[in-house]
Amino acid sequence: MTDKPGLSLSIRQQRPITLQASIECRAGELIALVGPSGSGKTSILRAVAGLATPEQGHIHCNGEAWLDCERRINTPAQQRHVGFVFQDYALFPHLSAQHNITTALGHLPRKQRAERAAQLLSLVHLEGLEQRLPDQLSGGQRQRVALARALAREPRVLLLDEPFSAVDQVTRRKLQQELVMLRRKIQIPILLVTHDLEEAAALADRIYVLHRGVTLQNGAPETVLNQPQSAQVARLMDLGNIFTATVEQHSEEANFTRINWLGQRLNGRYMPEFESGEQVEWVIPPSHIVMHRRDRPSRGERENPVSGIITELVSLGDSTTVSMQVESVTQKTLIFRVATHAARRNALAIGANVTVSLLTDGLHLMKAQITPEEHADS
Amino acid sequence: MDTQALELSLKLALLTCLCLLPLAIILGRILAWSEFAGKGFVEATIALPLVLPPTVLGYYLLVSMGMDSTLGSLYHSLTGRHLVFSFDGLLLASIIFNLPFAVQPMQRAFEAIPKNVREAAWCCGLSHWQTLWRIELPLAWPGLITALALTFAHTLGEFGVVLMVGGNIPGETSTLAIAIYDRVQAFDNDAAAYMSASLLLISFITIGTVYMLSGKRRFGHDR
């Protein structure tokens, strides 16, 4: 048992899905649980809320045991004081926005409930819509009512299950901004389940990467995105640019580790934990690939220069994603992004030659965990 | 017009509704949300009165409520009254043959409530009783109204089971449907026509009123 403020859980189960997760979330911290469907993200939220009981483990909140399988403690959902925003909001369809919120205000004297509900509706910018039924509200407004209802309980933990998945892009951005603002006002642990990696990286203090119920890695978003512990994490985080290579040498003075990528030598971040001759996987985020100006070569060309032919160009607004087939290593494609105006200025086109630098501090090595088929693919 | 028969029919229909309502809520809720061994068997048993000829059902009820039966003798020892050919027995039979009309609409209504709406209520701090009263029953209202309407109307019109279990004792078991049959047998066509028209009107008004009520209270998910 822990007396630390915040949420601490370690749960294990075999059914209905395998789950083996440990999470520590401090008060005021926002943790994003990411992973593919069926990875156990929502199951963790349900266990914290008391809507599902894992076979083994414990859940403590602010030092209070909500679940302790060994001591046979299992506090009912009603007594856990959890704010839960469900994926489809689960508003009470027969009650107005105001009454949806007052339903969660049972801990207050009856006379104070309407006033508190009005405050909460004001907090989520829904003044004037108190009497609307859920089906008279837009998706974004429903999400706000669900959030206000979750906060009404004065929760000790806030659980958000894909809260932005059912709204359009514009509303999503707005709601995400509001969540950032709201976090400053409430100092409780927040668990956010999301499929959207950009959302996780933008909102969370830490990311837990889950796969088949097991935590593969947790850390700050930039750590998980730039230094994944395994190729599996890199693939789950959709990093692309994952290849195999052999470690050649380490240089502590120059702060790099050199790898041999099918004949092409590249310098990566200094990682002495890998032995010379060891087969590794390496990854480089698109953000650490710098394209050289085609008209005027720059000094950056000295840093892991790699040349190739453009095989695909996809422009999405300000950013253009470029796929480049590497010349020196056949059948390998690097993906990087450039500003659309830079792509235009450099006259990038399919079939054009281009040279990029793989920035040393972005080239990250990982233990090889590949099957022969994957090796052939990489 | 046999007002005694009319009163008896209305009394039987109202009491049947009153007794079946909590039973239908409990059974409908369990069948909607619980998975257990033999659930199919329970559902089939509840649905049996829909397919059994009333005389068959009446026969088994008559046998199981007679003085020689455990139920009949137990009831007699407890109350000093008989179950067969009495209003008490008629009420019990009415509850049994109306089970599917009350339970099935309730079950469908509870099934239509999303699971996470109930879970949201628990997360809001509502106990299971409060969730039933404040969330589930208002959402299951159309099913409840349908169950009451069907039970009420079906009780008013039931003939075969009533005749088998209750016979034709004026003031005790002679309902309006039995009285109509009795009048036809006695070639009193005027009385039969008058009572038939009354039964038709009462049934129509009852069903019309409850469906109007249920229409006004349909919310969100079943709009």
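Residues numbered from 1 in each chain as written. Chains lettered and ligands numbered in written order. Predicted model: local features only at pLDDT ≥ 70, side-chain atom pairs only at ≥ 80, totals over all residues.

### Examining the overall build of chain B
Selection rule: Going along the chain from the N terminus, every DSSP run of H or I of four or more residues is numbered as a helix, and every run of E of two or more is numbered as a strand. Exposure classes come from backbone-placed C-beta atoms, where a residue is buried if 20 or more other C-beta atoms lie within 10 Å of its own, exposed if 12 or fewer do, and partly exposed in between.
When helices and strands are tallied, chain B shows 12 helices and 0 strands. For chain B, the N- to C-terminal ordering of α and β elements is α-α-α-α-α-α-α-α-α-α-α-α. Seen along its three principal axes, the alpha-carbon backbone of chain B occupies a region of about 65 × 40 × 30 Å. Buried positions account for 40% of the 223 residues belonging to chain B.

### Some remarks on the sheet that holds strand S13 (residues 256-261) of chain A
Residue and element names in this part refer to chain A. We count it as follows: Each pair of strands is called paired provided DSSP finds at least two bridges between the two strands. Axis definition: a line fitted to C-alpha atoms, limited for helices to the stretch in contact. Angles are taken between N-to-C directions and run from 0 to 180 degrees.
The strand order across the open sheet formed by 5 strands is S14-S13-S12-S15-S21, and the pairing between neighbours is antiparallel. Since the sheet does not close on itself, it has two edges, and those belong to strand S14 (264-269) and strand S21 (364-367), each with one partner. Going from strand to strand, the sheet's axes swing by 50° on average, the running direction of each strand aside. Taken together, the 5 bridges between strand S12 (residues 242-251) and strand S15 (residues 279-283) define a ladder with antiparallel strand orientation. Each residue of the ladder has a partner; that of Ile242, found in S15, is Val283.

### Describing the interface of chain B and chain A
The extent of an interface is frequently quoted as the accessible surface area lost upon association of the parts. Rules: Once C-beta atoms are placed from the backbone, any two residues with those atoms within 7 Å are in contact. When residue character is reported, Ala, Val, Leu, Ile, Met, Phe, Trp, Tyr, Cys and Pro are called nonpolar, Asp, Glu, Lys and Arg charged, and the others, Gly included, polar.
With 19 residues of chain B at the interface, the matching set in chain A holds 20 residues. Elements supplying a minimum of two residues to the side of chain B that touches chain A: helix H7 (115-123) and helix H8 (128-139) of chain B. At 6 residues, H7(B) tops the list of elements feeding residues into the side of chain B that touches chain A. Classifying every residue of the side of chain B that touches chain A gives 11 nonpolar, 5 polar and 3 charged.

### Some details on the packing of helix H1 (residues 3-33) of chain B against helix H5 (residues 87-97) of chain B
Residues and elements named next belong to chain B. The line we're drawing: By definition in this entry, angles of less than 35 degrees are roughly parallel, angles greater than 145 are roughly antiparallel, angles of 65 to 115 are roughly perpendicular, and the rest are oblique. Here is the rule for handedness: rotate from the far helix to the near one, and if that takes an anticlockwise turn smaller than a right angle the crossing is left-handed, while a clockwise turn gives right-handed.
Following both chains from N to C, one finds H1 and H5 inclined at 55°, their axes separated by 9 Å at the closest point. Compared by their axis directions, H1 and H5 come out oblique. Like other packed secondary-structure pairs, H1 and H5 cross with a definite hand, here right-handed. The residues of H5 that touch H1, namely those facing Leu12, Leu15, Thr16, Cys19 and Leu20, are Leu90, Leu91, Ser94 and Ile95.

### A word on the confidence of the model for chain A
Definition in use: pLDDT is a residue-level measure of predictor confidence that goes from 0 to 100.
Averaged over chain A, the pLDDT score is 89; the fraction of residues at 70 or greater is 94%. Long-range and interchain partners of residues 372-378 of chain A, a stretch whose pLDDT sits below 50, account for 6 contacts in this model, where long-range means more than four residues apart.

### Concerning the sheet that holds strand S16 (residues 289-291) of chain A
Residue and element names in this part refer to chain A. Strand order in this open sheet of 5 strands is S16-S20-S17-S18-S19, and the pairing throughout is antiparallel. Among the strands making up the open sheet, the edge pair consists of S16 and strand S19 (333-339). Within this sheet the neighbouring strands show an average axis-to-axis angle of 45°, counted without direction. Across 5 bridges, strand S17 (residues 305-316) lies against strand S20 (residues 353-358) in antiparallel orientation. Bridge pairing in S20 places Pro305 opposite Ser357.

### Remarks on the environment of Arg206(A)
All names here are of chain A. As for its placement among the helices and strands, Arg206 is situated in strand S10 (residues 206-211). Its 19 C-beta neighbours within 10 Å are what place Arg206 among the partly exposed residues. Between the C-alpha atom of Arg206 and that of Ser22, which follows or precedes it by 184 residues, the distance is 14 Å. Non-local contacts of Arg206, meaning those with residues more than four positions away in its chain, are made with Ile31, Asn218, Gly219 and Ala220.

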